[in-house]
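Architecture at a glance
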Amino acid sequence: SSGINAEYGYEQKNQLAAYYRQSTLGPYHPDKLNPGFLDFVGNDRKKAWEALGEISANGAKAGFCNLLETTCPELVPWIRHKKRERENKIQEEKRQVEEKKKKEEAEQLEASKLINIVKQAEALIIKEAVGNGNADEDDYEEEGMPVLATVLSFPMVKKKKK
C-alpha cells in the first residue's frame, strides 16, 4: 500500500479532534458539544477541546499540523507540499487582482484621454465658428448637451436670444 500508516494513541486522537473542532467551530461552548454522561470518549474529547481555551482558528490549525508532524514525520513532505500549493494559489489570486486593477486603471486613463480630446475638438470648432463670424460663443448651450452637438447645427440646443 502506498498510504501512510500512522499509529496514534488515545490522547493524541483526542487532541487532534480538539484542534479540529477549535479551528472549525471556535472555542468550546456547551451548546456546541455536550456529550452524554456515559459517553466517555466524547467527554474526553470535550475536555481536550475545553483545555484549548481561546486559541485562534489559525493557532488550532498550527497545533494540529505540529502534532501530526511529531507523531507521523512521513506526513511532513505532504504537509509542506499542501502549504506551498495554498501559498501559490494565494499569490496567483493576488496577481490576478493586481492585473485587473491595472487594466481598469488603464481603461480609465484611456477614457479620460478621449474625453479631453473631445473637449479640445469642441473648443477648436467653437473657436473656428466664432472666428469666422458664423456664431457667438453665447449661442451655444453648454449644460446638458455637448457643445459639439450645438456646433453641428441642432436647432434644439441653440440658446434663444432675448
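Presented here is a report on the structure given in the accompanying data block. Throughout this document, residue positions are counted from 1 along each chain, in the order its sequence is written. Note on the predicted model: pLDDT of at least 70 is required for a residue's local features to be given, and 80 or more for side-chain atom pairs to be given and counted; whole-chain, interface and lining totals, by contrast, use all residues. Working from all heavy atoms in the structure, the side-chain values ignore hydrogens and water.

It is worth spelling out the environment of Gly-59 at this point. Within the secondary structure, Gly-59 is located in helix α3 (residues 57-71). For every residue, the accessible area obtained with a 1.4 Å probe (protein chains only) is divided by the maximum for its type, and the residue is called buried under 20%, exposed over 50%, and partly exposed between those limits. What makes Gly-59 partly exposed here is its relative accessible area of 30%. A C-alpha to C-alpha distance of 7.8 Å links Gly-59 and Ser-23, two positions 36 residues apart in sequence. Numbering of helices and strands starts at the N terminus; helices are DSSP runs of H or I of at least 4 residues and strands are runs of E of at least 2.

Quick look at helix α1 (residues 10-25) now. Helix span, as expected, comes to 1.5 Å for every residue beyond the first. Between its first and last C-alpha atoms α1 spans 22 Å; for 16 residues at 1.5 Å apiece the expected length is 22 Å, and the two agree. Buried within α1 are the following residues: Asn-14, Leu-16, Ala-17, Ala-18, Tyr-19, Gln-22 and Ser-23. In this structure, the buried residues of α1 make contact with α2 (40-51) and α3. Of the residues trailing α1, Gly-26 is marked for its positive phi of about 90°. A contact between two residues is defined here by any heavy atoms of the two lying within 4.5 Å.

As a further point, take the packing of α1 against α3. To get an axis, fit a line to the C-alpha atoms, keeping to the stretch in contact for a helix; angles then go from 0 to 180 degrees between the N-to-C directions. Close contact between α1 and α3 brings their axes to 7 Å; oriented N to C, the two are set at 155°. Comparing the axis directions of α1 and α3 gives the class roughly antiparallel. For the element pair α1 and α3, the recorded crossing hand is left-handed. In this structure, α1 uses Gln-12, Gln-15, Leu-16, Tyr-19, Tyr-20, Gln-22 and Ser-23 to contact α3, whose residues at the interface are Ala-57, Ala-60, Lys-61, Gly-63, Phe-64, Leu-67, Leu-68 and Thr-71. Each residue is assigned to one of three groups, with Ala, Val, Leu, Ile, Met, Phe, Trp, Tyr, Cys and Pro labelled nonpolar, Asp, Glu, Lys and Arg labelled charged, and all others, Gly among them, labelled polar. Broken down by class, the residue content of the contact of α1 with α3 amounts to eight nonpolar, six polar and one charged. Working rule for angles: under 35 degrees goes down as roughly parallel, over 145 as roughly antiparallel, 65 to 115 as roughly perpendicular, anything else as oblique. In this scheme the crossing of two helices becomes right-handed for a clockwise turn of the near helix relative to the far one and left-handed for an anticlockwise turn of less than a right angle.

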